[in-house]
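An overview of the molecular structure
This is what each chain is made of:
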Amino acid sequence: MQSRVARLDRFISVQTGINRKHVRLMLARGRVLVDGVQAKDIQQPIGEFSRVLLDGQVLQANTPRYVMLHKPVGVVSATRDDEHRTVIDLLQADYRHGLHIAGRLDLNSSGLLLLTNDGRWSRGLSAPDSGVSKRYRVTLANPIDEEYIQAFADGIYFDYEGICTRPAGLRILGERLAEVTLTEGRYHQIKRMFGRFRNPVLELHRCAIGNLTLDADLLPGQSRELTAWEVACIGASIGD
Ligand code: URA
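The structure contained in this document is the topic of the report that follows. (Residues numbered from 1 in each chain as written. Predicted model: local features only at pLDDT ≥ 70, side-chain atom pairs only at ≥ 80, totals over all residues. Heavy atoms only, no water.)

**Some thoughts on the sheet that holds strand β2 (residues 32-34)**
Spatially, four strands are ordered β3-β2-β5-β6 in an open sheet, and the strand pairing comes out antiparallel. Both edges of this open sheet fall to β3 (37-38) and β6 (57-60), since each of them pairs with a single strand only. Pairing analysis gives three bridges linking β2 to strand β5 (residues 52-54), with the strands arranged antiparallel. From the neighbouring strand, valine 32 faces β5, where its bridge partner is leucine 54. (Pairing = 2+ DSSP bridges. Helix = DSSP H or I, 4+ residues; strand = E, 2+ residues; numbered from the N terminus.)

So this is what it looks like as structure tokens:
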């Protein structure tokens, strides 16, 4: 997701079709307001949530939105798909516009998924090296033992990327049940880590991202908006 920052004269020109020379005159005459303040500087950066008015007409007014969704198994983490229902299809039609996913889950995984229209926030969260922890509950086909704990802590080499995974936490919760904590998000990472032991993952559920835990009363398919406090807490954990 691109961060949409443009300089003011270009932004107005693209939005209105008015050439930039003319836009500069408009700015000089104080006809443009950015976030309620008369704008004069042609180079003023305009982000996706800057509110821009020309002669009182709104050119841009977007409100940042952040959503927690309980992704069910069998729904694809995408905004469009020809074959499967997408997580966007689970939201109310009048609420979907502009939202994208901040960190995917596989088709057959479930749990906490975040959606937003804020490109900077989602990029920070979903970058492979974001450093934000993600906690998963994993059900396996075969029994697990202490050997897994050390292997996950040491990191597992992925041939395809030629990298070693960052130290990951593994807690044994039952004979075939584990809690795994990652601080990165590589393709099918957990399945591939258990794959090293030839132990297939039967169920994978994301319980938490950073210090944000999926609400216990949010049923599969249900969603709610994050509070400002939750947004700020997650933002603060990026790059830890
Ligand atoms: N690791 C996986 O293998 N799948 C997911 O959906 C998330 C992490």
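**Digging into the site of the ligand**
The immediate surroundings of the ligand are formed by Leu105, Asp106, Ser109, Tyr136, His188, Gln189, Ile190, Lys191 and Leu204. Here a nitrogen atom of the ligand sits 2.7 Å away from a polar atom, N or O, in the side chain of aspartate 106. No other element matches helix α5 (residues 189-195), which puts three residues into the shell around the ligand. A per-class count over the shell around the ligand returns four nonpolar, three polar and two charged. (Near = heavy atom within 4 Å. Polar contact = N/O pair within 3.5 Å; in protein donor to acceptor, adjacent residues only side chain to side chain. Nonpolar A, V, L, I, M, F, W, Y, C, P; charged D, E, K, R; others polar.)

**Here we look at the pattern of salt bridges**
Evaluated as defined, the whole model comprises 12 salt bridges. When the shortest N-O distance is used, the salt bridge between arginine 24 and aspartate 9 registers 3.4 Å. With arginine 24 in helix α2 (residues 20-28) and aspartate 9 in helix α1 (residues 8-16), this residue pair connects regions lying 15 residues apart in the sequence. One salt bridge in this structure joins aspartate 106 and lysine 191, with 2.6 Å as the shortest N-O distance. With aspartate 106 in the loop between β8 (100-101) and β9 (109-116) and lysine 191 in helix α5, this residue pair connects regions lying 85 residues apart in the sequence. By relative accessible area, which is 24% here, lysine 191 ends up partly exposed. (Salt bridge = Lys/Arg side-chain N within 4 Å of Asp/Glu carboxyl O. Buried < 20%, exposed > 50% of the residue type's maximum accessible area, 1.4 Å probe, protein only.)

**Let's talk about the packing of aromatic side chains**
Tallied over the full model, the rule gives four aromatic pairs. Relative to phenylalanine 194, the ring of tyrosine 148 lies with its centre 5.9 Å away and its plane at 40°, an arrangement referred to as tilted. One end of the pair, tyrosine 148, is in helix α4 (residues 146-154); the other, phenylalanine 194, is in helix α5, with 46 residues separating them in the sequence. Comparing tyrosine 148 with phenylalanine 194, the two get one shared label, buried. Ring centres 4.9 Å apart and planes at 50° place the aromatic pair phenylalanine 152 and phenylalanine 194 in the tilted group. With phenylalanine 152 in helix α4 and phenylalanine 194 in helix α5, the pair connects residues that are 42 residues apart, well separated along the chain. Under the relative-accessibility criterion, phenylalanine 152 is labelled buried at 0%. (Phe/Tyr/Trp six-rings, centres within 6.5 Å; stacked < 30°, edge-to-face > 60°.)

**Regarding the pairing of β9**
Counting buried positions along β9 yields eight of eight residues, so the element is predominantly enclosed. Here strand β7 (residues 66-71) runs beside β9; their pairing, made up of six bridges, is antiparallel. Bridging from a neighbouring strand, methionine 68 pairs with leucine 114 of β9. Pairing of β8 with β9 involves two bridges; the strand directions are antiparallel. Bridging across to β9, isoleucine 101 finds its partner in leucine 115. Bridge count between β9 and strand β15 (residues 201-209): three bridges; the pairing is parallel. The residue bridging serine 109 from the neighbouring strand is leucine 204, located in β15.

**Section: unusual backbone geometry**
For aspartate 35, which is not glycine, the phi dihedral falls at a positive 50°. With respect to the secondary-structure elements, aspartate 35 resides in the loop between β2 and β3. Residue class for aspartate 35 comes out partly exposed when judged on its relative accessible area of 49%. Unlike most non-glycine residues, histidine 188 shows phi in positive territory, near 50°. Relative to the helices and strands, histidine 188 resides in the loop between β14 (177-182) and α5. Its relative accessible area of 28% is what places histidine 188 among the partly exposed residues.

**Some thoughts on the nonpolar core**
For soluble globular proteins, nonpolar side chains are generally found buried alongside one another. Of all hydrophobic cores here, the largest spans 30 residues; its most connected members are Val138, Phe152, Val180, Ile190 and Phe194. Counting only elements with at least two residues in this core, the list comes to β7, β9, β10 (134-140), α4, β14, α5 and β15. Not counting residues within four places of it along the chain, the set of residues in contact with valine 138 comprises Arg176, Leu177, Ala178, Val180, Ile190, Phe194, Val201, Glu203 and Leu204. (Core = buried A, V, L, I, M, F, W, Y, C linked by side-chain atoms within 4.5 Å. Contact = heavy atoms within 4.5 Å.)

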